[in-house]
Amino acid sequence: MKGKFIVLEGPDRCGKSTQAKLLLNTLLEHGKDVILTREPGGTETAEKIRQIVLEPNLDVRPMAELFLYEASRAQHTQEKILPALQAGKIVLCERYTMSTCAYQGYGRNIDLKTIATLNKIATLGLVPDLTLVFLMSDKYFTQRGEYLFSDRLEKEDLSFRQKMRQGYLELTKKTKNAYLIDADKNVDVIAQEVAELLHKCKIID
Ligand code: TMP
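These lines cover the structure that appears in this document, whether it is placed above or below. (Residues numbered from 1 in each chain as written. Predicted model: local features only at pLDDT ≥ 70, side-chain atom pairs only at ≥ 80, totals over all residues. Heavy atoms only, no water.)

## What to know about the site of the ligand
Inclusion rule: Any residue with a non-hydrogen atom lying within 4 Å of a molecule or strand is treated as near it. Here a polar contact means two N or O atoms within 3.5 Å. Within protein one must be a hydrogen donor candidate and the other an acceptor candidate, and residues neighboring in sequence count only if both atoms are side-chain atoms. For the accessible areas, the method is Shrake-Rupley and the probe is 1.4 Å, while residue cover comes only from the protein chains on display. Each helix is a run of H or I in the DSSP string that is no shorter than four residues. Each strand is a run of E no shorter than two, and both are numbered from the N terminus. Lys, Arg, Asp and Glu make up the charged group, whereas Ala, Val, Leu, Ile, Met, Phe, Trp, Tyr, Cys and Pro make up the nonpolar group; the residues left over, Gly among them, are polar.
The full set close to the ligand counts 14 residues, and D12, Y69, R95, T100 and Q104 are the nearest of them. A distance of 2.7 Å separates an oxygen atom of the ligand from a polar side-chain atom of D12. At a separation of 2.8 Å, an oxygen atom of the ligand approaches a polar side-chain atom of R95. Bound to the protein, the ligand loses 94% of the 480 Å² it would expose on its own. The set of elements that each furnish at least two residues to the shell around the ligand consists of helix 2 (44–54), helix 3 (62–86) and helix 4 (97–107). Counting residues per element, the shell around the ligand draws most heavily on helix 4, at four residues. Among the residues making up the shell around the ligand, the classes are represented as five nonpolar, three polar and six charged.

Spelled out as structure tokens, the structure:
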């Protein structure tokens, strides 16, 4: 693939959207051809799937939830991500396959092998060149007020969030080209760390 696929991951409210925008600006300043996108969503069809899967009071069973995320991913990957990569662009994506492993796998206890199979089908085998995993400390994570959580997944209880957070730790260790970033730090310090990582990975000079 000519382009580079960079994924930003982490629990809700870990600051990845802020960092995604800062990183977009850094890459543009370096003269890179870059797009910013997200999952679930990223295309018209996938954004409609996003509305269903995140609707606060809808009855969505775990297996249906998994397939909705994978449906969004299949559409998004084929319609937007792969063409951009083939055109040589850098694709910055908020969330991708690691989210499904952390939330539906660790959080909902769906077999990780089943998820890996579905991920492979939905992505057509595409894997990120770089995954940045933003994780706040456990203390800070559990202190976050319930009032902050508004969509269906964000409303899940503390035990779900703790399993999902542990999932991120384990997944980062076993994923090639994945880096853990301390999300408790100041926004600018994190942005600097991210820029250094991109430099180290030879994505920017
Ligand atoms: P966002 O608000 O960060 O865009 O993500 C939407 C929610 O969807 C968030 O709570 C994480 C969740 N999610 C999953 O549970 N599985 C997935 O595969 C993805 C991509 C997101």
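Having seen the structure, we can now continue with the description.
## Quick notes on the packing of helix 2 against helix 3
Convention followed: Lines fitted to C-alpha atoms define the axes here, with helix axes fitted over just the stretch in contact, and angles between the N-to-C directions of these axes take values from 0 to 180 degrees. An angle counts as roughly parallel when it lies under 35 degrees, as roughly antiparallel when it exceeds 145, as roughly perpendicular when it falls between 65 and 115, and as oblique in every other case. Two helices crossing with the near one rotated counterclockwise from the far one by less than a right angle form a left-handed crossing, whereas a clockwise rotation gives a right-handed crossing. The contact definition used throughout considers only heavy atoms, calling two residues in contact when any of these lie within 4.5 Å.
Running from N to C, helix 2 and helix 3 point in directions that differ by 165 degrees, and their axes come no closer than 9 Å. Considering the angle they form, helix 2 stands roughly antiparallel to helix 3. Relative to helix 3, the crossing made by helix 2 is left-handed. Of helix 3, the residues touching helix 2 (which contributes T45, A46, I49, I52, V53 and L54) are E65, L68, Y69, A71, S72 and Q75. Partitioned by chemical class, the residues of the contact of helix 2 with helix 3 number eight nonpolar, three polar and one charged.

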